[in-house]
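Given next are the chains, with one letter for each unit.
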Amino acid sequence: MQHAQLSLHLLLTDASPHPSADTDCGCVVCLQSKFLRHALTHAHLRPSFRLHLTTAVAGIGFFAFEDIANAMGWPAVLHSLWHCLSAMAMGCTNSLLQHLEMALL
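Residues numbered from 1 in each chain as written. Predicted model: local features only at pLDDT ≥ 70, side-chain atom pairs only at ≥ 80, totals over all residues. Heavy atoms only, no water.

Visitor: Even after reading the chapter, I still don't get the layout of surface pockets, so can you show me in this structure?
Guide: To locate leftover empty space, one rolls a probe as large as a water molecule over the atoms. If you add up the space inside the largest pocket, you get close to 440 Å³. Contributing to the lining of the largest pocket are 17 residues, with Val 28, Gln 32, Ala 56, Ile 60 and Ser 86 lying nearest its centre. Listing elements by their share of the lining of the largest pocket, those giving two or more residues are α2 (19-41), α3 (46-71) and α4 (78-91). In terms of residue class, the lining of the largest pocket is built from 11 nonpolar, 5 polar and 1 charged. (1 Å grid on protein atoms, 1.4 Å probe; cavity = no way out; pocket = protein on both sides within 12 Å on 5 of 7 lines; lining within 4 Å. Points joined across faces, edges and corners; volume = space filled by probe spheres on them. Helix = DSSP H or I, 4+ residues; strand = E, 2+ residues; numbered from the N terminus. Nonpolar A, V, L, I, M, F, W, Y, C, P; charged D, E, K, R; others polar.)

Visitor: I'm lost on the packing of aromatic side chains in this one. Help?
Guide: Two descriptors summarise a pair of aromatic rings, namely the distance from one centre to the other and the angle between the planes of the rings. Tallied over the full model, the rule gives 3 aromatic pairs. Between the aromatic rings of Phe 35 and Phe 49, the centroid separation amounts to 5.1 Å while the plane-to-plane angle is 70 degrees, which identifies the pairing as edge-to-face. Here Phe 35 is found in helix α2, whereas its partner Phe 49 is found in helix α3, with 14 residues between them in sequence. Judged on exposure class, the residue Phe 35 and its partner Phe 49 are both buried. Measuring from centroid to centroid gives 5.4 Å for Phe 65 and Trp 74, while their planes differ by 75 degrees, and the two rings are edge-to-face. Judged by its relative accessible area of 28%, Phe 65 is partly exposed. Assessed through its relative accessible area of 43%, Trp 74 is described here as partly exposed. (Phe/Tyr/Trp six-rings, centres within 6.5 Å; stacked < 30°, edge-to-face > 60°. Buried < 20%, exposed > 50% of the residue type's maximum accessible area, 1.4 Å probe, protein only.)

Visitor: Explanation requested: a nonpolar patch on the surface in the structure shown.
Guide: Taken together, the side chains of Ile 68, Met 72 and Trp 74 present a nonpolar region at the surface, about 330 Å² in accessible area. Within the element layout of this structure, Trp 74 appears in the loop between α3 and α4. (Patch = residues over 30% accessible without salt bridge, like charges linked within 9 Å, V, L, I, M, F, W, Y side chains within 5 Å. Areas by Shrake-Rupley, 256 points an atom, 1.4 Å probe, with all protein chains shown as cover. Salt bridge = Lys/Arg side-chain N within 4 Å of Asp/Glu carboxyl O.)

Visitor: Honestly, the side chain of Ser 95 in this entry has me stumped. Any pointers?
Guide: Within the element layout of this structure, Ser 95 appears in helix α5 (residues 94-104). At a separation of 3.3 Å, a polar atom in the side chain of Ser 95 contacts the main-chain carbonyl oxygen of Cys 92. Beyond its immediate chain neighbours, meaning those up to four positions away, Ser 95 contacts Phe 35, Leu 45 and Ser 48. (Polar contact = N/O pair within 3.5 Å; in protein donor to acceptor, adjacent residues only side chain to side chain. Contact = heavy atoms within 4.5 Å.)

Visitor: Please explain the nonpolar core as it appears in this structure.
Guide: A general feature of soluble globular proteins is that nonpolar side chains tend to end up buried together. Membership of the largest hydrophobic core is limited to 5 residues, which are Phe 35, Ala 39, Leu 45, Phe 49 and Leu 96. Those residues in contact with Phe 49 that sit more than four places away from it in its chain are Gln 32, Phe 35, Leu 36 and Ala 39. (Core = buried A, V, L, I, M, F, W, Y, C linked by side-chain atoms within 4.5 Å.)

Visitor: When you look at the packing of α3 against α4 in this model, what are you seeing that I'm missing?
Guide: When two helices pack together, their arrangement is captured by the angle between the axes and the distance separating the axes. Orientation of α3 relative to α4, taken along the N-to-C sense of each, is 160 degrees, at an axis distance of 8 Å. One way to sum up the angle between α3 and α4 is to call them roughly antiparallel. Here α3 runs over α4; the crossing is left-handed. Across from Leu 51, His 52, Thr 55, Ala 56, Ala 58, Gly 59, Phe 62, Phe 63, Phe 65, Glu 66 and Ala 69 in α3, the residues of α4 making contact are Leu 78, His 79, Leu 81, Trp 82, Leu 85, Met 88, Ala 89 and Met 90. (Axes fitted to C-alpha atoms, helices over the stretch in contact; angles between N-to-C directions. Parallel < 35°, antiparallel > 145°, perpendicular 65-115°, else oblique. Left-handed = near helix turned anticlockwise from the far one by under 90°.)

Visitor: Would you take a moment to explain the environment of His 79 for this structure?
Guide: Residue placement: His 79 occurs in helix α4. Linking His 79 and Gly 59, residues 20 residues apart in sequence, is a C-alpha distance of 9.4 Å.

Take a look at the structure:
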């Protein structure tokens, strides 16, 4: 029975039109949920989580608006802005990594 479930899972994963995007979205959801869970229980993680969430949402907004702005003839600065914001958002995860490493020591 487990072999059949695994085969079905592999079939559905391969049937996706964007398997790498599906994997990326799954990783993002896992990271966000873990960071949120730990930020809710450990107050010292909340400021970095707020900054992480704010910069990530702003970066996603700039990413989504980039094509529209380019079509409107705006300068092509949004692309570099969303790269900077996503780098900043990922940099904010260092506090979570430090917290998780301290739990292992």
